[in-house]
Structures are given as structure tokens and as C-alpha cells.
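Observations on the model geometry
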Amino acid sequence: KVWAQPLPGPQGAASAPLPSSAPPPPSPRAATAMGCGSSGTAGDQPVPSSRPRAPPEPKALHLPFIRFDTTAVPKELSNSDQVYLSLTYRGGIISPDGGSVHVAEHPTTPPFHLAIERTDGNGPLTDGDEVKVCCIETGLYLEAQTDSGPLTCGDGGNSASIFKIFKQGRPARLQHRDTVYLMSWLSNYVGYEEDGSLTAKRWRRGEQQTMSVLKRAVLDAASTELARKMQFQAFDLDGNNSISRGEMEYMLTQLKGDVSSEELDEVMGVCDPAHTGNIPFGSFASWADNGGLPEEMFHHAEVLGNMAQRCNDCLKEERCLIEVLTVAHHDVCQAMLGKHQELFADDLKESIMKKSSEQDGWIFSNNWKTAMKALLESEVDLWTRALNDAMRGFGTNENTLTALVCTMPARLRESIFLRYEERYNTTLLDHIESETSFSYKKVLLYQTQAPERCKARILNEAMVGLGTSEDQLIRVITQCDLGERRDIKECYQRCYDRDLVDHVRSETSGDFQKALLCLLTAEEAPFDLDGDCAAMKAAMDGWGTDEAALISLICSKTPKQMVDVNTRFEELYGKSLLERVKSETSGNFQATMLGTIRGPMKELAHSVRYCI
């Protein structure tokens, strides 16, 4: 049976056996691939019968279970190809708008079209290339002028418009739908902020910095005949090989929202000029090919309509059910639940739980049921349940708890905290603290929190109570860039109702205090590379050291600027800046200055080495 055709009998019972002259039935794997299945459990063989067999029923469009469509447009990216840059986890498209850059939701209007231009000229785009990102309509280029302010648009005549593009995985050449990262000239990655703006202030790759590059030519390519047939079946809700006015209205409402009667009349007039009330496949395909809806909407309808229909049919065939849910994206599974309820007035989750419960027994646990349940849960519910399962009852599953805490997505952290307290009447942090102990507890508590919240807590613990842990202050502050320090200061104010700079000032003194305060209050500014190198050398030459000059010249730099200073200083004077400062300073002040000169990553490596 094909998916668009309703199964005969009550609740989709199995169809009649094939006649004796028909070829043998396909293997279970082949049956799954062709979108058909038999009643009963997977792997059952047909039972021979001496009764006369009914002739095969006529079939409608014969389609594969999963469509592997191809296009003549090459997916590889080359110089000046038009693309969309999509934010992988947040959703939305990077869109220049005049002199500013923001995140837009729909990539269908001209201002969203970007071109990636190689600074080395023509050729394929590969991992690590230096590029400029140009808005097609305005001719302006994306620019990262600072590591604190939002991205802007300019004429592309300065280094702020040059980015390096990196991709995840192999091969090295960029292709349509690759996961990519854009690194600015300041060695920070472009990412989105909560207010929807785009900045380049993080030197780490995270969810906020993760993008997908979409080639416009591939997205605009005409769909094939196979794709149109799959989309036609999604609109044909009752499976009678035609689309009625009611079905068209329903699907347009699902895809576009409210649809006026005038708009519906226009669509029906184009697709059904004879006013028969039904749209055949040929008319539907012509309407779709002529831009009746954006291709993204047709793809969305295909996924929602056909996947919901297939899930309903798959409730009679385990292999098909497993394949449907495991190949679908998580967001598609969530959308499928609502679509299945609308089409069949039945709770898909309950039906699948009932189907998978058929294997329940007294001895063996039903892992299949557990897996099916997990595939249908929302991300936040799945994370909260898994975390609670690892800690509730007798004992704690430390391996599972460690894996969950250390891989918790940053974009879901706050939602998981809120949902956990709502479901279990305790906070996630309190539950972890009650179920763990010693150093293991510290690691999990710190890892569970957002980075800025964790570092704010470490700084507070280093200063409250009797004495001050100067080593902790140095480690945390020197391992952050300017943007991270700003986030920590804001978080510290929210959590402890106290200004971090004032607290550090009250707990430290001397040149050590001045260095820490300079690091916490520094803002990115242009500088004279050779002039600053000469001033640093002058501050250390002769009798004594000008500590104030060193603090002003070193602690005010960004990590990227310090890399340039270190390289230039050694070129000019034949000795590394790190060694010169080390020979001229001592104590906590020396540790602070050396950590700043090394930069966050190298200082982290030194701190880990020191701690072990």
C-alpha cells in the first residue's frame, strides 16, 4: 500500500494477500524502503493459504518511503556565490539592513542575500579562507569594528571587514548546509546576543557562534517530479488523488496562517480553471512550479503531512515506525504530534506507547518503549527527565549524570532549570548537591551553571570570608577576554548585589590591585604597535621598573592585540616580552602580568598544569 492511500479495514488493518501469480514479497528492509508494511511484528513471514486470493487493488502514486532527491545545481561553494547564513540553534538568517546587521526570520526578501568573497580572488571556498561578506543589494560589507559592539556594514576598505571562515568536519571545501564559523580580525567568533544583535566578542566556539551556510542556487532550484508527488500527497488529506477546496484551505492555513477567501479563490482559479472543485496532480504541479508558494513551504508541508500519515500507518509495522522516528529531526517529531492529532483525532504518543508496550515482560525491560518515548519528548522535557532519572531512587548513576551535565546545551540551560524545578519541586543545583560530594560535586555544580555565573561564583568565594585567594582571582580574570569580563561583572551585580570592581578593590592592594582593576575596566581601543613596544621596553630598562606604565600598556590590550605585541616585541628587540616582564616583576603582580601576556588559552593550559 502507498502512504497516501488509506489502509482498508478498521484502523488500517492489513491488506489482502497477493495472488499466487504475484512475485514473492520483498524483504522487511525492502518493504520499509518502499513505504509498505504488513500487519504484525517485524520479520513475520506470510502464512501460506489454500484459499483463492483477491486480485491486487489498483495503486495510486508509487513513492519510496524516504525521498532522496537530487538536483543538478552543485552544492560546493565558490568565490562570490550567493548564500544565506542561518543561525543553526537559534534559527533566523543574518540580514544586513542599511548600516546595521540583525537576525531575520525569513530568507525570502532581497536584503537577506549575501555573497562570500575570497580575499585571494576566484576559486573554491575552503576551510580557513579569508573572506568578505557582502550584501548583494547594497554592496556593503559586514564589519566587526570592535569586540564589544554589534556588527555593522561598511565599504569593506579596512581590516574590520575581513573574516576567516571555518567549517565543521571534512572535506575542507565548503558545501551547501555545512556548519561554519566566522572569525573576525580580532580572533573572536561572530555570534548572536539575546537582543537579536550580532557581535564578535567570543574567542570560543559555542551554540551562539554556530551557523549553517545555505547556497541560494540550491534552494532556488526547481523541485523534481518526485518531490511534487510527495507534496501533492501532503495536500491530498483523504488520499483520493485530488485536492478539494477544503483541503487546500486547511493546508494553506497550516503553512501561512490566516488565508482570506479572495486568496483561496485565486489559488483555486489557477489550479482548477474548470471549477470542478478538485485539483488533479498536473494542475497542482504547474501551480507549484510557477511559484504558487515558496519552496520552503512546500517542503514543510511535505514533511508534516506525509510524516504524520506514515506514523499512523507505521503503528502496524515496527520497522517502519522505528525508521520514521529515527530519521526525522527532533523539531519535525514535535510538529508531527500536533499534525497527527489534527488528521486522525488520536494522540500519537499514546498510540506509540501502546504499540511498544506489547513487548513488556516480567524479566526483560522494554528498552524499545523507552527509546520511542524519548524520540517524542521535547528537548527540555527529555533533558530534565534524564537528569532526574540519573539521581532519583537508590544511588546515583554517576556516569550518566556526568555525561548529561557536561553536554548540556547552553541554549537550553535556563529552560532546563525552570522545567526541572516545576516538575520535581527542587532546583537542579540543589538536587546535584544532595546526591554528590567532594571534588566531584564541585565539578558538576560549576559545569551545570552558565560560564559567567560559574566564574562570578568562584570570584565571590575567593573574596568572602577570612582572607583572599589571590590565585583564584588571577586565574579567572586573566583567562577571560574583554567581552567575558563584562558578562561576569553584570552577572556578579545580579547575583550578589555588589559591584565586582569595588569588591576586588576592597580585597587587594598595590600594583596587583591596579593590574586587576585595569583588566576589569579595559575597553578595546586602537594603539600604536611599535610605539607601545618601545614604551614597554623603556618601562623596564635602566634602574627600577615603571609598573604603572606596564599595567597601562599591557592590561588594556585584547587577547588578539597581545598576540601582535608579543610577536612585534621579539622582532624588534630579540627577546620575548614574557621573559622581560618575568625578570622585572614578582609575586601576584608578576603572575597577573604573565597571565595577561600569555592570553586566555595559554594561561588556561598553565593553570591546569599548575593545579595537577
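Please read all numbers here as calculations on a predicted model, not as lab measurements. (Residues numbered from 1 in each chain as written. Predicted model: local features only at pLDDT ≥ 70, side-chain atom pairs only at ≥ 80, totals over all residues. Heavy atoms only, no water.)

What follows deals with the overall build of the protein. Tallying secondary structure elements over the protein gives 27 helices and 14 strands in all. Out of the 612 residues in the protein, the part that is buried amounts to 43%. Carbon together with sulfur atoms contributes 52% to the accessible area of the protein, which is approximately 30,500 Å² in total. (Helix = DSSP H or I, 4+ residues; strand = E, 2+ residues; numbered from the N terminus. Buried < 20%, exposed > 50% of the residue type's maximum accessible area, 1.4 Å probe, protein only. Areas by Shrake-Rupley, 256 points an atom, 1.4 Å probe, with all protein chains shown as cover.)

Further remarks concern the nonpolar core. Membership of the largest hydrophobic core comes to 42 residues, with the highest contact counts inside it found for L459, L500, I554, L577, V581 and M593. Per element, the largest residue contribution to this core is seven residues, and it comes from helix α21 (residues 510-521). For L577, the contacting residues outside a window of four places in its chain are M536, M540, M562, V565, N566, F569 and I597. V101, L125, F163 and L198 belong to the second-largest nonpolar core, a separate cluster that totals 28 residues. (Core = buried A, V, L, I, M, F, W, Y, C linked by side-chain atoms within 4.5 Å. Contact = heavy atoms within 4.5 Å.)

This paragraph deals with the pattern of salt bridges. Counting across every chain of the model gives 28 salt bridges. In this structure, the salt-bridge partner of D81 is K215, at a minimum N-O distance of 3.9 Å. A residue pair is termed long-range when its members are at least 10 positions apart, and D81 in the loop between α1 (28-33) and β1 (82-87) and K215 in strand β12 (residues 211-215) qualify at 134 residues. The closest approach of N and O atoms between E379 and R411, which form a salt bridge, is 2.9 Å. You can see E379 sitting in helix α12 (residues 379-391) and its partner R411 sitting in the loop between α13 (398-406) and α14 (413-424), a full 32 residues away along the chain. (Salt bridge = Lys/Arg side-chain N within 4 Å of Asp/Glu carboxyl O.)

Restricting attention to buried positions, one finds in helix α16 (residues 438-448) the residues L444, L445 and T448. The buried residues of α16 occupy an angular sector of 100° when projected down its axis, which confines them to one face. For α16, exposure combined with an orientation more than 90 degrees from the buried face picks out S439, K442 and V443. (Arc of directions from axis to C-beta.)

Among the surface-exposed residues, M601, L604, V608 and I612 lie close enough to one another that they form a single nonpolar patch of about 410 Å² accessible area. Looking at the element boundaries, L604 is found in helix α27 (residues 600-611). (Patch = residues over 30% accessible without salt bridge, like charges linked within 9 Å, V, L, I, M, F, W, Y side chains within 5 Å.)

Another point: the packing of aromatic side chains. The tally for this structure, following the rule as stated, stands at nine aromatic pairs. With 5.2 Å between their ring centres and 55° between their planes, F235 and F284 make a pair best called tilted. A residue pair is termed long-range when its members are at least 10 positions apart, and F235 in helix α3 (residues 225-235) and F284 in helix α6 (residues 281-289) qualify at 49 residues. On the accessibility criterion, F235 (0% relative accessible area) is buried. Ring geometry for F284 versus W287: centroids 5.9 Å apart, planes at 55°, classification tilted. (Phe/Tyr/Trp six-rings, centres within 6.5 Å; stacked < 30°, edge-to-face > 60°.)

Attention now goes to the pairing of strand β5 (residues 129-135). Burial within β5 is extensive, with five of its seven residues counted as buried. Judged from the five bridges that link them, strand β4 (residues 114-118) and β5 form a sheet pairing that is antiparallel. Across the sheet, residue I116 finds its bridge partner in β5, namely V133. The sheet contact formed by β5 and strand β8 (residues 163-167) spans three bridges and is antiparallel. What sits directly across from D129, in β8, is I165. (Pairing = 2+ DSSP bridges.)

Looking at the secondary structure, you find G599 in the loop between α26 (587-598) and α27. Given a relative accessible area of 10%, G599 falls into the buried group. Through-space distance from the C-alpha of G599 to that of M562 is 7.2 Å; in sequence the pair is 37 residues apart.

Residues at a pLDDT of 70 or more form 81% of the protein, whose mean pLDDT is 81. The lowest-confidence element of the protein is α1, averaging 35 in pLDDT; the highest-confidence one is α21, averaging 97. Below pLDDT 50 for its whole length, residues 1-71 participates in 101 contacts with residues either more than four positions away or in separate chains. Note on residues 107-111: pLDDT is under 50 here. Beyond four places in sequence and across chains, it has eight contacts. (pLDDT = per-residue confidence, 0-100.)

Here the focus is unusual backbone geometry. The phi dihedral of A345 is positive, around 50°, even though this residue is not glycine. For A345, the location among the structural elements is in the loop between α9 (330-344) and α10 (348-356). Given the relative accessible area of 65%, A345 is considered exposed. Backbone geometry places N425, a non-glycine residue, at a positive phi of 55°. Its place among the elements puts N425 in the loop between α14 and α15 (428-435).

Quick look at the environment of C495 now. Turning to its location among the elements, C495 is positioned in helix α19 (residues 482-496). Taking the C-alpha atoms as reference, C495 lies 8.2 Å from A456; in sequence the two are 39 residues apart.

What follows concerns α15. Among all positions of α15, only L428, H431 and I432 are buried. Buried residues of α15 fall within an arc of 100° about the axis and therefore sit on the same side.

We now examine the pairing of strand β11 (residues 198-202). Within β11, five of the five residues are buried, which leaves it mostly tucked inside the rest of the structure. When strand β10 (residues 189-192) meets β11, the two strands line up antiparallel, connected through three bridges. Paired with G191 across the bridge in β11 is T199. Hairpin connection between β10 and β11: a loop of five residues separates the two successive antiparallel strands, and G196 in this loop has a positive phi of roughly 90°.

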